[in-house]
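Residue strings, one per chain:
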Amino acid sequence: MTIKNICCIGAGYVGGPTMAVIAKNNPNIKVTIVDINAERIAAWNDPDLNNLPIYEPGLADIVAETRGENLFFSTAIDAAIDESEMIFISVNTPTKTYGKGKGMAADLKYIELCARNIADVAKTDKIVVEKSTLPVRTAEAIKSILHNTGNAINFHILSNPEFLAEGTAVSDLLNPDRVLIGGENEDAIAQLANVYAAWVPEDKILKTNLWSSELSKLTANAFLAQRVSSINAISELCEHTEANVNEVAKAIGMDSRIGPKFLNASIGFGGSCFQKDILNLVYIAKSYNLTEVADYWEQVIIMNDHQKRRFSDRLIKTLYNTVSGKKIAMLGWAFKKDTNDTRESAAIYVADHLLNEQAELSVYDPKVSKLKMQSDLNYLNTRSESENETGLQTAHTPYEAVKEAHAIAIMTEWDEFKSYDWKAIYKEMKKPAFIFDGRNILDKKEMNAIGFEYYAIGQ
Ligand code: UDX
Ligand code: UDX
């Protein structure tokens with residue numbers, strides 16, 4: 001089998017950038033990304049590259065270079081499956097909101113739909129690649145569906161988890177630390193390794209068995225999230241002891257066994273993966289009756305929830321124990337900088353908490369729309385949609401957000417926040433003017449010199 005056509009089901013944050021980079025580096029392979037969401041596909045096909053459905057630095061250039069050449073976006077799912085030798089499954093696997101495992105287990109209904117779709121349509125042998133993050137042993141289920149089609153087609157299932165981080169997706173894909181391929185059939189593994197070998201050095205393409213690959217993805221995210229919760233736990237201790245968490249992070253990060261990355265204390269991690277994957281890990285551990293293992297990892301989430309909560313509690317306490325009727329400017333809504341993704345963003349939970357205390361919020365984010373902010377809040381179901389609309393206003397500029405505000409809460413570490421004219425901002429605000437820096441991006445001494453009452457995490 002030679003790979004001439006690749007199909008990817010799911011045109012999201014993972015499928016879109018990954019396939020664009022595969023297409024760019026494999027001009028002889030036709031890559032088709034399909035999705036049930038026609039609106040999303042239309043946005044990917046929009047001639048105006050500013051309208052692509054996701055924002056990632058460098059992505060628009062690659063799409064401009066490859067789209068219509070060997071990269072295609074389509075809603076014709078069956079046709080794309082039929083013509084491809086290799087099919088990536090990159091659909092979402094949200095935490096279950098119903099039934100057994102509610103609030104913990106991954107909902108695999110979309111994965112199963114994809115597998116059934118492939119089984120129905122396929123007329124020739126296929127390599128099926130799991131790209132979505134999945135519980136360990138999901139490949140078993142996919143295999144069982146595909147192998148029971150009753151026709152004589154061979155399906156080979158591979159696990160090829162994605163390690164890209166949003167905001168740096170393109171550079172992570174172009175220069176990956178490693179590419180992980182789990183599988184049983186050596187030829188299928190070699191075919192996929194070949195696709196990556198077009199730009200990834202061979203020693204970075206790691207081959208394992210299926211289950212190790214699936215578990216490695218969950219474990220990598222759990223370890224990363226654990227580092228954030230660990231430094232956040234220390235940040236609370238710092239606030240009580242006059243130690244400075246930035247100094248502690250630097251001091252421990254210089255130990256080569258610990259390393260400097262992922263030690264930024266914050267309002268808590270967000271994003272579509274960390275919480276979901278840890279809950280998944282906890283659920284799997286519980287299902288094998290491994291109580292201590294489950295409890296150990298669950299604590300990472302408990303710490304993260306605590307960090308979000310105590311940020312808003314500290315703000316309220318400092319504003320003389322009430323924010324009722326007070327304008328609070330929130331800078332940032334995305335879960336991290338350089339993305340328009342807001343899934344599980346700490347800003348949503350902080351906003352919800354402050355609205356419960358009757359604050360009047362004015363939010364500015366360089367990439368997130370008003371519609372998105374409102375739908376994120378409405379999804380929590382805490383109050384009516386009209387109450388959310390009244391309580392949370394979206395500002396078009398940072399200066400509009402801070403005008404007459406009692407306090408500023410920095411939620412996302414967007415670079416532009418650092419270069420604002422903070423003296424001008426100070427003048428626009430009610431006095432005393434407070435800043436609660438949830439990302440430790442501003443300089444305390446500088447802010448104090450301007451006149452701000454400045455509070456950061458772990459300082
Ligand atoms: C998602 C998960 O969050 C991540 O854990 C997993 O590794 C990959 O899938 P992401 O790309 O960020 O990552 O999700 P999302 O942006 O929601 O994209 C998924 C796409 O799949 C959506 O556009 C959705 O419309 C599409 N989809 C979903 C299908 O095309 N068919 C389905 O049956 C279900
Ligand atoms: C993560 C993993 O990094 C990636 O490998 C995987 O494929 C998907 O999940 P992502 O969620 O896109 O990627 O972003 P990441 O950079 O990991 O940040 C996650 C959250 O942790 C963000 O809210 C970020 O602000 C927060 N964070 C990260 C901190 O609070 N402090 C840090 O030091 C690092």
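Heads up: the structure comes first, above all this text.
Notes on the structure follow. If you're wondering where the values come from, they're calculated on a predicted model, not measured in any experiment. Sequence order as written defines residue numbering, which begins from 1 separately in each chain. Whichever chain is written first becomes A and whichever ligand is written first becomes 1, with later ones labelled in order. With pLDDT at 70 or above as the cut-off, local features in this predicted model cover only qualifying residues; side-chain atom pairs require 80 or more to be listed or tallied, and sums for whole chains, interfaces and linings still use all residues. As a rule here, side-chain values cover all heavy atoms of the structure and leave hydrogens and water aside.

### Notes on the site of ligand 2
1) Next: One heavy atom within 4 Å of a molecule or strand is enough for the residue carrying it to be called near that molecule or strand. Contacts to ligand 2 come from 20 residues, most closely from F163, E166, S266, K336 and R439.
2) Next: Pairing of N or O atoms within 3.5 Å defines a polar contact, subject to two protein rules: one partner must be a possible hydrogen donor and the other a possible acceptor, and residues neighboring in sequence count only if both atoms are side-chain atoms. Residue F335 places a main-chain N or O atom 2.8 Å away from an oxygen atom belonging to ligand 2.
3) Next: Separating an oxygen atom of ligand 2 from a side-chain N or O atom of R439 is a distance of 2.7 Å.
4) Next: Calculation on ligand 2 without its partners gives an accessible area of 660 Å², and the protein chains cover 91% of this total.
5) Next: The secondary structure listing takes helices from DSSP runs of H or I that are at least 4 residues long and strands from runs of E that are at least 2 residues long, numbered from the N terminus. Residue contributions to the shell around ligand 2 peak at 4 residues, all from helix α9 (residues 210-241).
6) Next: Each residue gets one of three labels, nonpolar for Ala, Val, Leu, Ile, Met, Phe, Trp, Tyr, Cys and Pro, charged for Asp, Glu, Lys and Arg, and polar for the others, Gly among them. Partitioned by chemical class, the residues of the shell around ligand 2 number 11 nonpolar, 4 polar and 5 charged. All accessible-area figures derive from a Shrake-Rupley calculation using a 1.4 Å probe, and residue coverage is judged against the displayed protein chains alone.

### Observations regarding the side chain of S312
1) Next: Among the secondary structure elements, S312 is positioned in helix α12 (residues 291-318).
2) Next: Categorising residues by exposure relies on relative accessible area from a 1.4 Å probe, with only protein chains included: less than 20% of the type maximum marks a residue as buried, more than 50% marks it as exposed, and the intermediate range marks it as partly exposed. Accessibility expressed as a relative area gives 1% for S312, which makes it buried.

### A few points about the sheet that holds strand β3 (residues 71-74)
Backbone-to-backbone hydrogen bonds join strands into a sheet, with any given pair of strands oriented parallel or antiparallel.
1) Next: Each pair of strands is called paired provided DSSP finds at least two bridges between the two strands. Strand order in this open sheet of 8 strands is β3-β2-β1-β4-β5-β6-β7-β8, and the pairing throughout is mixed. The open sheet is flanked by β3 and β8 (205-208), the only strands paired with a single partner. Averaged over all pairs of adjacent strands, the angle between their axes in this sheet comes to 25°, without regard to strand direction.
2) Next: Inspection of the sheet shows strand β1 (residues 5-9) paired to strand β4 (residues 86-89) by 4 bridges, in the parallel sense. Considered in β4, the bridge of I9 is made with I89. Fitting a line to C-alpha atoms yields each axis, with helices limited to the stretch in contact; the angle taken between N-to-C directions then spans 0 to 180 degrees.

### Some words on the site of ligand 1
1) Next: Neighbouring residues of ligand 1: 19 residues in total, closest D35, R40, T133, K276 and R343.
2) Next: Between ligand 1 and the protein, one listed contact pairs an oxygen atom with a backbone N or O atom of Y13 at 2.9 Å.
3) Next: Within the backbone of V91, one N or O atom sits 3.0 Å away from an oxygen atom of ligand 1.
4) Next: Expressed as a share of its isolated accessible area of 690 Å², the protein-covered part of ligand 1 is 91%.

### Side note on the packing of α9 against helix α10 (residues 245-253)
1) Next: Where α9 meets α10, the closest approach of the two axes is 9 Å, and the angle between their N-to-C directions is 135°. The angle between α9 and α10 falls in the class oblique. Remark: the crossing between α9 and α10 carries right-handed chirality. Two secondary-structure elements touch here, α9 through I231, I234, S235 and C238 and α10 through V245, V248 and A249.
2) Next: Here the residues of the contact of α9 with α10 sort into 6 nonpolar, 1 polar and no charged. For classification, angles of less than 35 degrees are called roughly parallel, those exceeding 145 degrees roughly antiparallel, those between 65 and 115 degrees roughly perpendicular, and all remaining angles oblique. Left-handed describes a crossing whose near helix is turned anticlockwise from the far helix by less than a right angle; the clockwise case is right-handed. Whether two residues are in contact is decided by their heavy atoms, any of which lying within 4.5 Å being enough.

None of this, on its own, says anything about what the molecule does.
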